[in-house]
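# Results of the structural survey
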Amino acid sequence: MSLLKTVMTNPGSAPRESKALPERLIAGDPSFRTWAQDEAKDGAVRTGIWEATPGETRSIKGETFEFCHILSGIVEITPDGGEPVVYKAGDSFVMKPGFVGRWKTIETVRKIYVTVG
């Protein structure tokens, strides 16, 4: 097993497709595609590409730490009790354990993610 992993931003494999959980859906009918690319530490660390179509959902991180780098699209993230923040292609951010808020995909978004949890 190599200790160096290239994250393929346009993977050729079929993604896992999903929809927003009904209890987390706020607006629209977003669909999600996930290309999981790597796992480490017995699955506690995961890396891949994630894509979402427009819509708004509740984001609840629980004990998970997530680093995101936006490859394309536009999202607006509003932490509970906070102000909205807009992220677009080239932007990076972290949602720390305990984060709760709204994730609004304005324009279909594709991101690199690294989760630890």
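In the annotation of an unreviewed UniProt entry, the protein chain is listed under the name (S)-ureidoglycine aminohydrolase cupin domain-containing protein and assigned to Rhizobium miluonense.

When you go through the protein chain residue by residue, the secondary structure sums to zero helices and nine strands. The order of helices and strands in the protein chain, counted from the N terminus, is β-β-β-β-β-β-β-β-β. For 117 residues, the compact-globule formula gives about 13 Å, and the C-alpha radius of gyration of the protein chain, at 14 Å, lands near that figure. Expressed along its principal axes, the backbone C-alpha trace of the protein chain runs to roughly 45 × 30 × 30 Å.

Time to look at the UniProt feature "domain: (S)-ureidoglycine aminohydrolase cupin" (unreviewed entry) in the protein chain. In the numbering adopted here, UniProt assigns the feature "domain: (S)-ureidoglycine aminohydrolase cupin" (unreviewed entry) to residues 40-113. The straight-line gap between the two end C-alpha atoms of residues 40-113 is 14 Å; of that span, 0% is helix and 70% is strand.

This part takes up unusual backbone geometry. A positive phi angle, close to 50°, is found at Lys 41, a residue other than glycine. By the element assignment, Lys 41 lies in the loop between β3 (31-40) and β4 (45-52). Judged by its relative accessible area of 68%, Lys 41 falls in the exposed class. One non-glycine residue, Asp 42, adopts positive backbone phi at about 55°. Considering the arrangement of structural elements, one finds Asp 42 in the loop between β3 and β4.

This part covers the pattern of salt bridges. In total, this model carries eight salt bridges according to the counting rule given. Across the salt bridge formed by Lys 19 and Asp 29, the nearest N and O atoms sit 3.1 Å from each other. Of this pair, Lys 19 sits in strand β1 (residues 16-19) while Asp 29 sits in the loop between β2 (25-28) and β3, placing them 10 residues apart in sequence. Residue classification places Asp 29 among the exposed residues on the basis of a relative accessible area of 54%. Measuring nitrogen to oxygen at the nearest pair gives 2.9 Å for the salt bridge that ties Glu 56 to Arg 102. Of this pair, Glu 56 sits in strand β5 (residues 55-60) while Arg 102 sits in strand β9 (residues 100-116), and the two are 46 residues apart along the sequence.

Of all hydrophobic cores here, the largest spans 15 residues; its most connected members are Trp 50, Val 75, Ile 77, Phe 93, Trp 103 and Val 109. The element that contributes the greatest number of residues to this core is strand β6 (residues 65-79), accounting for four residues. Not counting the four nearest positions on each side in its chain, Phe 93 is found in contact with Glu 66, Phe 67, Cys 68, Ile 70, Ile 77, Tyr 87 and Trp 103.

About the cut-offs
Starting afresh in each chain, residues are numbered from 1 along the sequence in its written order. A pLDDT threshold of at least 70 governs which residues receive local features in this predicted model, and a stricter bar of 80 or more applies before side-chain atom pairs are shown or counted, although totals over entire chains, interfaces and linings include all residues. To obtain the side-chain values, all non-hydrogen atoms of the structure were included, while hydrogens and water were left out. Going along the chain from the N terminus, every DSSP run of H or I of four or more residues is numbered as a helix, and every run of E of two or more is numbered as a strand. C-alpha atoms define the radius of gyration, and 2.2 Å times the number of residues to the power 0.38 defines the globule rule. UniProt positions are given in the numbering used here, feature names are shortened, and annotations may be inferred rather than shown by experiment. Exposure classes here rest on a 1.4 Å probe applied to the protein chains alone. A residue is buried below 20% of its type maximum, exposed above 50%, and partly exposed in between. Salt bridge, as used here, is a side-chain nitrogen of Lys or Arg placed within 4 Å of a carboxyl oxygen of Asp or Glu. Side-chain atoms within 4.5 Å are what join buried Ala, Val, Leu, Ile, Met, Phe, Trp, Tyr and Cys residues into a set we call a nonpolar core. Should any heavy atoms of two residues lie within 4.5 Å, those residues are counted as being in contact.

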